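Below, each chain spelled out in residue letters.
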Amino acid sequence: MIRTKRLQLEDTKALMGDVSRRSVRDVIAEKLAALVSSGVLAVGDELPSERELATSLSVSRETVRGAIAILASHGVLRVAHGARTTVAAADIRSLTLGPQGVGFDGPYDLEDVHEARILVERRIAVNAAERIDKDGLATLGASIAAQEDCGSDPVRFLLCDREFHAALYQAAGNDVLFDVAMSLYNHLLDHRRRIIAQPGSIAESLSDHRAILAALTARDTAAAERAVVDHATRIYTTTRAFLKNRA
């Protein structure tokens, strides 16, 4: 029993990072706030249910409830009995957030961001294939299972997608690469909700994620590089097409 509890604690640390100075609900509040600040969740949008959020973020419903309460106390979320929680405000400056990456505010050319992402994620893929442990593989596998449970809900999928990429970057074992990769991931993230809502987009991303996990499981550095490059390129091409159609 003691060993089981220890493993559960280690799994939580692997997913959430260093939370020695923050509770898990604080970390979840930060993750939800990041979706608001990036534009994935806009004012008036409904959040997934507590159960769906708990599944997507691999935490308990009580933890999700506590995170929502934190954001509601700052006026970011609106909680109403018998109704879905909604986004009340996009301004999260009143929150004291932990590290969110180095922060590339731009404006940057999409091609330049793509080139940088390819360079960073190829190195991450090699490091992760060499260093990832059983807990890291289990975290990625659980994330894919949660993605499969999302159906066609783009918000739920992007929650899971962010967790998957954060776990991948963390597995590389380099904090600087993690921060840079997360900042590149967040670039133009506000458009990803509409892109991922297009028919077939979630299935394609899921297929890419499975290929990444398979390569990491096999400790195949070359296959891991190819998988992350293919995935990043898919994100680039769909984003470019979306922006072109909006012009």
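Residues numbered from 1 in each chain as written. Predicted model: local features only at pLDDT ≥ 70, side-chain atom pairs only at ≥ 80, totals over all residues. Heavy atoms only, no water.

Student: What is the right way to look at the nonpolar core in this model?
Tutor: Burial of nonpolar side chains together is a common tendency in soluble globular proteins. Of all hydrophobic cores here, the largest spans 64 residues; its most connected members are Leu-32, Leu-71, Ile-124, Leu-140, Leu-168 and Leu-216. Tallying contributions element by element places helix α7 (residues 154-171) first for this core, with 11 residues. Setting aside residues up to four positions removed in sequence, Ile-124 forms contacts with Leu-168, Tyr-169, Ala-172, Leu-177 and Ala-181. (Core = buried A, V, L, I, M, F, W, Y, C linked by side-chain atoms within 4.5 Å. Buried < 20%, exposed > 50% of the residue type's maximum accessible area, 1.4 Å probe, protein only. Helix = DSSP H or I, 4+ residues; strand = E, 2+ residues; numbered from the N terminus. Contact = heavy atoms within 4.5 Å.)

Student: Please clarify how a negative patch on the surface should be interpreted in this entry.
Tutor: A cluster of acidic residues, Asp-109, Glu-111, Asp-112 and Glu-115, forms a negative patch at the surface. Looking at where Glu-111 falls in the secondary structure, it is placed in helix α5 (residues 110-131). (Patch = residues over 30% accessible without salt bridge, like charges linked within 9 Å, V, L, I, M, F, W, Y side chains within 5 Å. Areas by Shrake-Rupley, 256 points an atom, 1.4 Å probe, with all protein chains shown as cover. Salt bridge = Lys/Arg side-chain N within 4 Å of Asp/Glu carboxyl O. Lys, Arg positive; Asp, Glu negative; His and termini not counted. Charge placed at Lys NZ, Arg CZ, Asp CG, Glu CD.)

Student: Help me out: how do you make sense of helix α2 (residues 24-38) in this one?
Tutor: A turn of α-helix holds 3.6 residues, and therefore any two residues three or four places apart point the same way. With 15 residues, α2 should cover 21 Å at 1.5 Å per step; its first-to-last C-alpha distance of 21 Å lies within 8% of that length. All buried positions along α2 are accounted for by Val-27, Ile-28, Ala-29, Glu-30, Lys-31, Leu-32, Ala-33, Ala-34, Leu-35, Val-36 and Ser-38. Of the residues trailing α2, Gly-39 is marked for its positive phi of about 95°. (Expected span 1.5 Å × (residues − 1).)

Student: Sorry if this is basic, but what is going on with unusual backbone geometry here?
Tutor: As a rule of thumb, non-glycine residues mostly have phi less than zero, and peptide bonds are mostly trans rather than cis. Within the chain, Leu-188 stands out as a residue other than glycine whose phi angle is a positive 60°. Here Leu-188 lies in the loop between α8 (175-186) and α9 (189-196).

Student: What exactly am I supposed to notice about the confidence of the model for the protein here?
Tutor: Interpretation of the predicted coordinates at a detailed level should be avoided for regions scoring low in pLDDT. Mean pLDDT over the protein: 87, with 86% of residues reaching 70 or higher. This model gives residues 1-21 a pLDDT under 50, and the stretch forms 18 contacts once residues within four places in sequence are excluded. (pLDDT = per-residue confidence, 0-100.)

Student: Which parts of the structure should I look at to understand the packing of α9 against helix α11 (residues 221-246)?
Tutor: When two helices pack together, their arrangement is given by the angle between the helix axes and by the axis-to-axis distance. Between α9 and α11, whose axes approach to 10 Å, the crossing angle comes to 90°. Between α9 and α11, the angle is such that the two are roughly perpendicular. Within the contact between the two elements, α9 uses His-191, Arg-192, Arg-194 and Ile-195 and α11 uses Ile-235, Thr-238, Thr-239, Phe-242, Leu-243 and Arg-246. Here the residues of the contact of α9 with α11 are counted per class, giving four nonpolar, three polar and three charged. (Axes fitted to C-alpha atoms, helices over the stretch in contact; angles between N-to-C directions. Parallel < 35°, antiparallel > 145°, perpendicular 65-115°, else oblique. Nonpolar A, V, L, I, M, F, W, Y, C, P; charged D, E, K, R; others polar.)

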